[in-house]
Amino acid sequence: MSDIDQPILSVKNLTKRFGDRIAVNDASFDLWQGEVLAIVGESGSGKTTLLNCASARMTPDVGQVSFRTRHEGVVDVYKLSEAARRLLSRTDWGYVHQNPADGLRMDVSAGANVGERLMALGERHYGRIRNEAAQWLSRVEMQQDRIDESPQTFSGGMRQRLQIARNLVTRPRLVFMDEPTSGLDVSVQAKLLDLLRTLTHQLDLASIIVTHDLAVARLLAHRMLVMKDGCIVEQGLTDQVLDDPQHPYTQLLVSSVLLP
């Protein structure tokens, strides 16, 4: 089977409990190269827990996550050593937090935040690191002359752009995003969504985005999963799910908002 016939990420039968509460119950899905998948649902539905288990930030009680690497074929993520998983998270994977301060080092410059991931891969030439960081600031529509400024001086939208640059500088093939536009002003959110849509297309990124906003899912995602009480209750092409929802819960979600 060729790479093009294999998903880049395969999640099988994930279950995660917190005490007596089942946060994720027997969840399975595949993700393909260049595809954006949205996970939607109300607060407490289990969508962020599923994202964290799929990205190896949280260990499930049951289930398997397989990733198709660049050079070693398909690997079972939870059978990798901790060091190998950390390397994966710094190279082929990215993770964009809802709160950008959680994904940035707030006590160093914007350039250092971007360059740090390159240094983690062994790059030591200061000029090349700085040049690459400056290019990525431009790519996420930030001014290059702010490269030496601290993220503490940036607005929320600029911090999120910086976090995106920090994640993409190593040219990952898969990016996990947890409510990346939540809490931003509407105009800032619209510009950031446009940036994300452009970058995922240009870089042929596979992406999983958690959102409670169905309009965000409509704009960014090719497919979507709908979660309720830890279970995936519906999945399919985004337009198909939103225009013709089959599950009563999905119908309720769609009817409660005005979609473009």
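Note: the structure precedes this text.
Here is a short report on the structure shown in this document.

1. Side note on the layout of surface pockets
Item 1. Looking at the largest pocket, its volume works out to about 490 Å³.
Item 2. If you trace the largest pocket, you find 22 residues lining it, with R57, S89, R90, Y95 and R117 closest to the centre.
Item 3. Those elements that place two or more of their residues in the lining of the largest pocket are α2 (82–90), β6 (93–96), α3 (110–120) and α5 (156–168).
Item 4. No other element matches α2, which puts five residues into the lining of the largest pocket.

2. Considerations on the pattern of salt bridges
Item 1. Going through the model one piece at a time under the given rule, you end up with 17 salt bridges.
Item 2. Two residues, R130 and D148, come together in a salt bridge whose shortest N-O distance is 3.0 Å. With R130 in helix α4 (residues 126–139) and D148 in the loop between α4 and α5, this residue pair connects regions lying 18 residues apart in the sequence.
Item 3. For R146, the salt bridge is made with E149, and the minimal N-O distance between the two is 2.8 Å.
Item 4. The exposure class assigned to E149 is partly exposed, which follows from its relative accessible area of 28%.
Item 5. In the salt-bridge network here, residues are joined through shared partners; they are R105, D107, E116 and R166.

Rules used throughout
Residues numbered from 1 in each chain as written. Predicted model: local features only at pLDDT ≥ 70, side-chain atom pairs only at ≥ 80, totals over all residues. Heavy atoms only, no water. 1 Å grid on protein atoms, 1.4 Å probe; cavity = no way out; pocket = protein on both sides within 12 Å on 5 of 7 lines; lining within 4 Å. Points joined across faces, edges and corners; volume = space filled by probe spheres on them. Helix = DSSP H or I, 4+ residues; strand = E, 2+ residues; numbered from the N terminus. Salt bridge = Lys/Arg side-chain N within 4 Å of Asp/Glu carboxyl O. Buried < 20%, exposed > 50% of the residue type's maximum accessible area, 1.4 Å probe, protein only.

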